[in-house]
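# Chains, contacts and geometry: an overview
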Amino acid sequence: MLKLYDDEFFMRQAIAQANLAAADGEIPVGAVVVSNDRIIARGHNQTERLNDVTAHAEIIALTAAANYLGDKYLHDCTLYVTLEPCPMCAGALAWGQVSRIVYGANDDKRGFMRFGRELLHPKTKLEFGVLHEECGALMTSFFTGRRG
C-alpha cells in the first residue's frame, strides 16, 4: 500500500493537539490514531477541564478511535503521541491491542518504559524519537512558564 503521509506528518498533527491542551492550561500532550493512512481520532489532555485524572490524550484518542471503528480493538492502527505514555495509558493501549505506537519525547519520571516494554501488547510495535526536540520543547516551555 502506498503511504501518503509519513510519521513526521502525523506527529505534527499530534503536536497540534498538544497545543490545544496548552492553550487550555493542560499539560501539552496530544495524540492521533491513524488507520489506513487516515486520522480516525484525535485527543489532547483534558484532566483539568474534565476533572478526571484519566483524561489523558491517549485515552481520549483511544476511546474516539474505538467508537469510530465500532470495535474495542485497534488492530492495524497507529497511535502517535507527543510524550511517552504513562503506565495507565500503556495498559489501556495494550488492552486495545494497538498495532503500533510512535511517541516523540521520553518521560523519564512517569513514562511506562521505566517498567519495561512488557506493559504493551506483545504484538505492538514501538517507535520513539519522532520530532523528539519539538515534542520535548512543548513540555519544557509549558513547565518553564508555570514556574517562572
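See the structure above.
Described in the following lines is the structure provided in the data block. (Residues numbered from 1 in each chain as written. Predicted model: local features only at pLDDT ≥ 70, side-chain atom pairs only at ≥ 80, totals over all residues. Heavy atoms only, no water.)

## Here we look at the side chain of E84
- Tracing the sequence through the fold places E84 in the loop between strand 3 (77-83) and helix 4 (87-95).
- For E84, which is buried and forms no salt bridge, the nearest opposite charge comes from R114, at a distance of 7.8 Å.
- Side-chain polar atoms of E84 contact the backbone nitrogen of D107, separated by 3.0 Å. (Helix = DSSP H or I, 4+ residues; strand = E, 2+ residues; numbered from the N terminus. Buried < 20%, exposed > 50% of the residue type's maximum accessible area, 1.4 Å probe, protein only. Lys, Arg positive; Asp, Glu negative; His and termini not counted. Salt bridge = Lys/Arg side-chain N within 4 Å of Asp/Glu carboxyl O. Polar contact = N/O pair within 3.5 Å; in protein donor to acceptor, adjacent residues only side chain to side chain.)

## What to know about helix 3 (residues 57-69)
- Taking 1.5 Å of rise per residue, the 13 residues of helix 3 would be expected to cover 18 Å, and the 18 Å separating its terminal C-alpha atoms lies within 8% of that figure.
- Taken together, the buried positions of helix 3 are A57, E58, I59, A61, L62, A65 and A66.
- Against the buried residues of helix 3 lie strand 1 (30-35), strand 2 (38-44), strand 3 and helix 4.
- Just downstream of helix 3 lies G70, where phi reads positive at about 70 degrees. (Expected span 1.5 Å × (residues − 1). Contact = heavy atoms within 4.5 Å.)

## Digging into helix 1 (residues 7-23)
- The terminal C-alpha atoms of helix 1 lie 24 Å apart, and with 17 residues this matches the ideal 24 Å at 1.5 Å per residue to within 8%.
- Taken together, the buried positions of helix 1 are D7, F10, M11, A14, I15, Q17, A18 and A21. Down the axis of helix 1, the sector holding all buried residues measures 160 degrees, keeping them to one side.
- Positive phi appears at G25, one or two residues downstream of helix 1, with a value of about 80 degrees. (Arc of directions from axis to C-beta.)

## With respect to the state of the cysteines
- Counted by the stated rule, this structure contains zero disulfides.
- Of the cysteine sulfurs around C86, a residue in no disulfide, the closest is that of C89, at 3.7 Å.
- Look at C86 and you get buried, because its relative accessible area is 15%.
- Accessibility expressed as a relative area gives 0% for C89, which makes it buried. (Disulfide = S-S within 2.5 Å.)

## Topic: the nonpolar core
- Counting 36 residues, the largest nonpolar core has M11, V33, L79, Y80 and V98 as its most contacted members.
- Put simply, the parts of the chain that give this core at least two residues each are helix 1, strand 1, strand 2, helix 3, strand 3, helix 4, strand 4 (100-105) and helix 5 (132-147).
- Residue contacts for V98: discarding those within four places in its chain leaves L62, L74, C77, L79, L93 and T124. (Core = buried A, V, L, I, M, F, W, Y, C linked by side-chain atoms within 4.5 Å.)

## Remarks on the pairing of strand 4
- Most of strand 4 is tucked away: six of the six residues are buried.
- Bridging between strand 3 and strand 4 involves five bridges; their strand directions are parallel. Paired with L79 across the two strands is I101, which belongs to strand 4.
- As a crossover connection, the stretch from strand 3 through helix 4 into strand 4 is right-handed. (Pairing = 2+ DSSP bridges. Right-handed = clockwise from strand over helix to strand, strands pointing away.)

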